[in-house]
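What the coordinates show
Next come the chains, spelled out residue by residue.
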Amino acid sequence: KEANNSIHINLEQAKQTLIIKSDQTRVGQELSEIPVAVSGSDNQISINSQYLTDLLAVLNVLEINMAVNEKTTPVKITEPDNSNFLYIIMPLRV
């Protein structure tokens, strides 16, 4: 089981939200709900939070595109205005 630094991402098309949830740890649990534009069907995936925070720390943009196909396929992150940028995060098996 790959659970270190894992976060669970749920994309809800009907609510147009992205829900990020962390596992229960000694210091607690986190749940954040963010309004987003979701196209396609509902989806969920688990990833290593460190890879996402590393990316967000260096990007100088207000918006990203996140493509999620299935919970077992990589997450593709791009910048809307930069076709040369591509970041891939492999999913965790949890």
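A few points on the structure. The structure presented is a predicted model; accordingly, all values stated were derived computationally and were not measured.

**Quick word on the environment of Glu70**
- As for its position among the elements, Glu70 is in the loop between strand S5 (65–67) and strand S6 (75–79).
- Sequence-wise, Glu70 and Ser41 are 29 residues apart; in three dimensions their C-alpha atoms are separated by 11 Å.
- Aside from chain neighbours lying at most four places away, what touches Glu70 is Asn43 and Ile45.

**Let's talk about the pairing of S6**
- In terms of burial, S6 is a largely internal element, four of the five residues being buried.
- Here S5 runs beside S6; their pairing, made up of three bridges, is antiparallel. Looking across to S6, one finds that Met66 is bridged to Ile77.
- Summarising the sheet, S6 and strand S7 (residues 82–89) pair through four bridges and their orientation is antiparallel. For Ile77, the partnering residue across the bridge sits in S7 and is Tyr87.
- Hairpin geometry of S6 and S7 is characterised by an intervening segment of two residues between the two adjacent antiparallel strands.

About the cut-offs
- Residues numbered from 1 in each chain as written.
- Predicted model: local features only at pLDDT ≥ 70, side-chain atom pairs only at ≥ 80, totals over all residues.
- Heavy atoms only, no water.
- Helix = DSSP H or I, 4+ residues; strand = E, 2+ residues; numbered from the N terminus.
- Contact = heavy atoms within 4.5 Å.
- Buried < 20%, exposed > 50% of the residue type's maximum accessible area, 1.4 Å probe, protein only.
- Pairing = 2+ DSSP bridges.

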